[in-house]
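# Per-entry structural report
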Amino acid sequence: MLFLVYDYIGVEIMIINFKVNNFRGIEKEAVISSKASNKIKRESNKCSYINDKTKLLKTICLIGCNGSGKTSVLLAIQALQDYISFPFRKRVDKNDEYIKNIRSMSEQELKNYLLKLNTLSLGKQNINKFSDKTEIEIELYIPKRNENIEGFYTYKIVYDKDYKNKGVLLEKLSYRPKYEKKNIISLCKKENIIESQIGTTILYENNNIKNSDLKYIKYYKSFADEMLNYTECYFNGASIDIKDMLENHNDDFVKLCNIADDKITNVTIDENNENRNLLFWNKNNNFLYFSQLSEGTRKIIILGSVIIKALENNSTILIDELEQSLHPALVNFLIRLITSKDSNNYTQLIFTTHSPILAFSLENDELYFINNHNDDYFFTNITNAIKLKIITKDQSRQKAWADDLLIKNPDDGKIDAFITNKN
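So, a few notes on the structure that sits alongside this text. Bear in mind that the values here come from a model prediction, so they are computed numbers and not experimental data. (Residues numbered from 1 in each chain as written. Predicted model: local features only at pLDDT ≥ 70, side-chain atom pairs only at ≥ 80, totals over all residues. Heavy atoms only, no water.)

## Quick look at a nonpolar patch on the surface
As a reminder, the rule being used: Every patch collects residues that have over 30% relative accessible area and no salt bridge, joining them within 9 Å if they carry like charges and within 5 Å if they are nonpolar side chains (Val, Leu, Ile, Met, Phe, Trp, Tyr). Here the accessible surface of atoms and residues is derived via Shrake-Rupley with a 1.4 Å probe, and residues count as covered only by protein chains that are part of the display. Salt bridges are defined by distance alone: a side-chain nitrogen of Lys or Arg within 4 Å of a carboxyl oxygen of Asp or Glu. Helix and strand definitions here come from DSSP, where helices need a minimum of 4 consecutive H or I residues and strands a minimum of 2 consecutive E residues; each element is numbered from the N-terminal end.
Taken together, the side chains of Ile-415, Phe-418 and Ile-419 present a nonpolar region at the surface, about 300 Å² in accessible area. By secondary structure assignment, the location of Phe-418 is in helix H14 (residues 412-422).

## Structural notes on unusual backbone geometry
This is how the line gets drawn: For the exposure calls, accessible area comes from a 1.4 Å probe over protein chains only, and a residue counts as buried if that area is under 20% of its type's maximum, exposed if over 50%, partly exposed in between.
The backbone of Asn-285 sits at a positive phi, close to 65 degrees, despite the residue not being glycine. Considering the arrangement of structural elements, one finds Asn-285 in the loop between strand S13 (278-281) and strand S14 (287-289). Judged by its relative accessible area of 58%, Asn-285 is exposed. Residues other than glycine seldom take positive phi values, yet Asn-314 does so here, at roughly 55 degrees.

## Quick word on the packing of aromatic side chains
Operational definition: Working definition: a ring pair exists when centres of Phe, Tyr or Trp rings (six-membered ring for Trp) sit within 6.5 Å. Plane angles under 30 degrees give stacked, over 60 give edge-to-face, the rest tilted.
Scanning the entire structure with this criterion turns up 14 aromatic pairs. Measuring from centroid to centroid gives 5.9 Å for Tyr-368 and Phe-379, while their planes differ by 40 degrees, and the two rings are tilted. With Tyr-368 in strand S17 (residues 367-371) and Phe-379 in strand S18 (residues 378-381), this pair connects stretches of sequence that are 11 residues apart. Each member of the pair, Tyr-368 as well as Phe-379, carries the same accessibility label: buried. An aromatic cluster is built from Tyr-153, Tyr-155, Tyr-175, Tyr-216, Tyr-219 and Phe-223, whose rings are joined through pairwise contacts.

## So, the packing of helix H8 (residues 250-260) against helix H9 (residues 295-313)
The condition is simple: Axis lines are fitted through C-alpha atoms, for helices just across the contact stretch, and the angle between N-to-C directions can take any value from 0 to 180 degrees. Left-handed describes a crossing whose near helix is turned anticlockwise from the far helix through less than a right angle; right-handed describes the clockwise counterpart. Whether two residues are in contact is decided by their heavy atoms: any pair within 4.5 Å suffices. Residues are grouped as follows: Ala, Val, Leu, Ile, Met, Phe, Trp, Tyr, Cys and Pro are nonpolar; Asp, Glu, Lys and Arg are charged; all remaining types, including Gly, are polar.
As a packed pair, H8 and H9 sit with axes 9 Å apart at the nearest point and diverge in direction by 145 degrees. Seen from above, H8 lies across H9 with right-handed handedness. Judged by residue contacts, Asp-252, Phe-253, Leu-256, Cys-257 and Ala-260 of H8 engage Thr-297, Ile-300, Ile-301, Gly-304, Ser-305 and Ile-308 from H9. In the contact of H8 with H9, the residues fall into 7 nonpolar, 3 polar and 1 charged.

## Quick look at the sheet that holds strand S9 (residues 168-176)
The condition that has to hold: In this scheme, strands are said to pair when DSSP sees at least two bridges between them.
Spatially, 6 strands are ordered S3-S2-S7-S8-S9-S10 in an open sheet, and the strand pairing comes out antiparallel. At either margin of the open sheet sits one strand with a lone partner, and together these are strand S3 (30-33) and strand S10 (185-193). Strand-to-strand twist in this sheet, taken as the mean axis angle between neighbours without regard to direction, amounts to 5 degrees. Bridge analysis of strand S7 (residues 134-142) against strand S8 (residues 151-159) gives 9 bridges, and the strand direction is antiparallel. Counterpart to Thr-134 in the pairing with S8 is Tyr-159. Contacts between helix H1 (residues 70-85) and the sheet are confined to strand S2 (14-21), S3, S7, S8, S9 and S10, with S2 contributing the most and set at about 95 degrees to the helix.

## Description of the environment of Glu-321
Looking at the element boundaries, Glu-321 is found in the loop between strand S15 (316-319) and helix H10 (328-338). Non-local contacts of Glu-321, meaning those with residues more than four positions away in its chain, are made with Lys-299, Thr-352 and His-354.

## Details of the nonpolar core
Operational definition: We define a nonpolar core as any set of buried Ala, Val, Leu, Ile, Met, Phe, Trp, Tyr and Cys residues linked to one another through side-chain atoms lying within 4.5 Å.
With 52 residues, the main nonpolar core has Phe-253, Val-267, Phe-280, Ile-301, Leu-322, Phe-351 and Leu-406 as its most contacted residues. With 9 residues, the single largest contributor to this core is H9. In contact with Phe-253, not counting residues within four places along its chain, are Ile-242, Met-245, Leu-246, Val-267, Leu-278, Phe-280, Ile-301 and Ser-305. Residues Phe-23, Leu-75, Val-168 and Phe-223 belong to the second largest nonpolar core, which totals 51 residues.

## A word on the environment of Lys-263
Here Lys-263 is to be found in the loop between H8 and strand S12 (266-269). On a C-alpha basis, the gap between Lys-263 and Asn-284 in space is 9.6 Å, while along the polypeptide they are 21 residues apart. Leaving out residues up to four positions away in the same chain, Lys-263 has contacts with Trp-281, Asn-282 and Lys-283.

## What about the pairing of S7?
Burial analysis of S7 places 7 of its 9 residues in the buried class, which makes it a mostly covered element. Examined bridge by bridge, S2 and S7 share 7 bridges and lie antiparallel to one another. Note that in S7 the partner of Ile-15 across the bridge is Leu-140.

## Overview of the pattern of salt bridges
Counted according to the given criterion, the structure contains 9 salt bridges. As a salt-bridge pair, Asp-162 and Lys-166 come within 3.9 Å of each other at their nearest N and O atoms. Overall, Asp-162 belongs to the partly exposed group, its relative accessible area being 28%. Residue class for Lys-166 comes out partly exposed when judged on its relative accessible area of 46%. Between Asp-403 and Lys-399 there is a salt bridge whose closest N-O contact spans 2.7 Å. For Lys-399, a relative accessible area of 47% corresponds to the partly exposed category.

As structure tokens, this is what we get:
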């Protein structure tokens, strides 16, 4: 289920590795790893421990200029969700005639039938590699919850510009129970398929549609449950229901609102209105509706609410331009909130920013940069940048930023020339 508001994506999983190549603004392979460096000393609550030897970062930051592909990294995860969940066929539980008709089709007839219904929209290839394949791969740690199977899942799709006519070139899902185990179980590997084998198998579990492979259905459900049912995607344009926060986290929610705007002293629900709008009160006993609050105040209330829920559910949240419309101290509050639980909590924040102050508040392995200067394209964290000698160990990150070694900054010469020509 997708809702649109502000620039962030929330995912109920913990990402270990993520790879994406030739997707929207990403021209070359971009790889993110949340495995924490043991050489960096930090407070234990800054990481989540999946065993005695392996710890995962709770915070990862992406920096880059406009058009470098920062947001594309986040949207690639949504592309995986879209493919798994795309409903080519409606769920049918009792329509025997429909099921009989589907079963009677040959493979080619079924494929042609699905193509007529195919409105799936995955992210386009990069403009410079439009004829090449797109690859997206995610490795997750799924903690034990409900009836799912705990463990480590790796999911990958490969497609090209003709995927609507030819299908996705590859869908692959594998599993291993322990991080260091090498006995990987291949759960799904399908080529040239119109609809996801995982999504279709789950959808038609009770219908016994032909070619449905139920052998790994519990693994499919565990993976899809985390990627879909515990996933919330938000972008500019709408709102979310925060009444639940007030009703179930009253004290924390009121304190959060007061941090967002210290003039807010209390929050209630207007029971006299059928919409039950939230009323934000000040010390003079006057109130404002949520829509009347400043953009920054609304954003802190929403993001703070999402993070509080994420801490309860061991969730990962992806936020585009975290600092936008926010005071630096409030941005720091959100980051501190993510790491407020101990190392047994699996809450994770991955965000993009244009703020060097925010970016440089993080450790080297937490800070990834995208530099697409001219024909060069680097996507790596500061730790690897030092290993690759892109920057030196004794070079400050601030100076490397200013010298265009981390990202492609706007061209001062072009800016000066433009201003001069206006005089």
